[in-house]
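# A structural walkthrough
Here is what each chain is made of, one letter per residue.
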Amino acid sequence: GAGVSQTPSNKVTEKGKYVELRCDPISGHTALYWYRQSLGQGPEFLIYFQGTGAADDSGLPNDRFFAVRPEGSVSTLKIQRTERGDSAVYLCASSRAGLQETQYFGPGTRLLVL
Amino acid sequence: GNSVTQMEGPVTLSEEAFLTINCTYTATGYPSLFWYVQYPGEGLQLLLKATKADDKGSNKGFEATYRKETTSFHLEKGSVQVSDSAVYFCALSDLSNSGYALNFGKGTSLLVTP
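First, a word on what this report is: a plain description of the structure on this page. (Residues numbered from 1 in each chain as written. Chains lettered and ligands numbered in written order. Predicted model: local features only at pLDDT ≥ 70, side-chain atom pairs only at ≥ 80, totals over all residues. Heavy atoms only, no water.)

Residue and element names in this part refer to chain A. A sheet is described by the order of its strands in space; here 4 strands give the open sequence β1-β3-β8-β7, paired in antiparallel fashion. Either end of the sheet is taken by a strand with one partner, and the two such strands are β1 (5-7) and β7 (65-68). Looking at each pair of strands side by side, their axes are set apart by 15 degrees on average, direction ignored. Judged from the 4 bridges that link them, β7 and strand β8 (residues 75-79) form a sheet pairing that is antiparallel. Note that in β8 the partner of phenylalanine 65 across the bridge is isoleucine 79. (Pairing = 2+ DSSP bridges. Helix = DSSP H or I, 4+ residues; strand = E, 2+ residues; numbered from the N terminus. Axes fitted to C-alpha atoms, helices over the stretch in contact; angles between N-to-C directions.)

So this is what it looks like as structure tokens:
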């Protein structure tokens, strides 16, 4: 079956612009996660959705970052007033609900802020 | 808080050599432990996991044992192949602290030469 998909695969923007990154989870997966991976680092947690609601947004670095999942499927990560330090690969993962469920990752969106 | 430390790479081995990638963790609760692998040009995928002390996770010839006494989850393989060349990430989730989010190490790059 289809895995987690993310669009766009690459995004180049200028400092101060607004960007949206999209994640399409595996069908039937109610849990969805966003992570950010900087060069040479492991992924860092940003936000976790269970259904439509953000169950844990403790990883969002500041109020320029926001994510939604209005129908409990597709999610969009929104970054306002981008800064050069936002340049990273943004990863999305999904899983079934429940404890110890495996998270399946998408290929990521590589964001470059000039 | 929770954290994962894994050995620095890159690790370069000849085909059929024995592999160990060290991983130690700090957690306030009772974490589950994971190894994820990222092959060139592909997304992160789960390699193996262990959910409680003394559990051994195994997959594709790789093994790791959850050692609570040494807070370790070292990855081993008896005979590596060129196709094992990838970046390996150790990770934990701790429901008593960080919820469902995965805490990753920085990753260890492995290159296997013929």
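Further remarks concern the sheet that holds strand β7 (residues 56-59) of chain B. Residues and elements named next belong to chain B. Strand order across the open sheet formed by 4 strands is β3-β9-β8-β7, with antiparallel pairing between neighbours. Every interior strand has two partners, whereas the edge strands, β3 (19-21) and β7, have only one. Each adjacent strand pair in this sheet contributes to an overall mean axis angle of 15 degrees, direction not counted. Bridge analysis of strand β8 (residues 62-65) against strand β9 (residues 75-77) gives 3 bridges, and the strand direction is antiparallel. For glutamate 63, the partnering residue across the bridge sits in β9 and is glutamate 76.

A word on the interface of chain B and chain A. Counting residues at the interface gives 17 residues for chain B and 19 residues for chain A. Carbon and sulfur atoms supply 56% of the area buried between chain B and chain A, which totals about 1,500 Å² over both sides. Of all residues in chain B, Leu44, Tyr100 and Lys106 of chain B bury the most surface against chain A, accounting for 36% of the area lost on that side. Applying the counting criterion to the chain B and chain A interface returns 0 salt bridges. In this assembly, chain B and chain A are joined by 3 residue pairs in polar contact (both at pLDDT 80 or more). Among the secondary structure elements, those contributing two or more residues to the side of chain B that touches chain A are β5 (32-38) and β6 (45-50) of chain B. If one sorts the elements of the side of chain B that touches chain A by residue count, β5 of chain B sits on top with 3 residues. For the side of chain B that touches chain A, the per-class residue count stands at 9 nonpolar, 6 polar and 2 charged. (Contact = heavy atoms within 4.5 Å. Buried area = accessible area lost by both parts, 1.4 Å probe. Salt bridge = Lys/Arg side-chain N within 4 Å of Asp/Glu carboxyl O. Polar contact = N/O pair within 3.5 Å; in protein donor to acceptor, adjacent residues only side chain to side chain. Nonpolar A, V, L, I, M, F, W, Y, C, P; charged D, E, K, R; others polar.)

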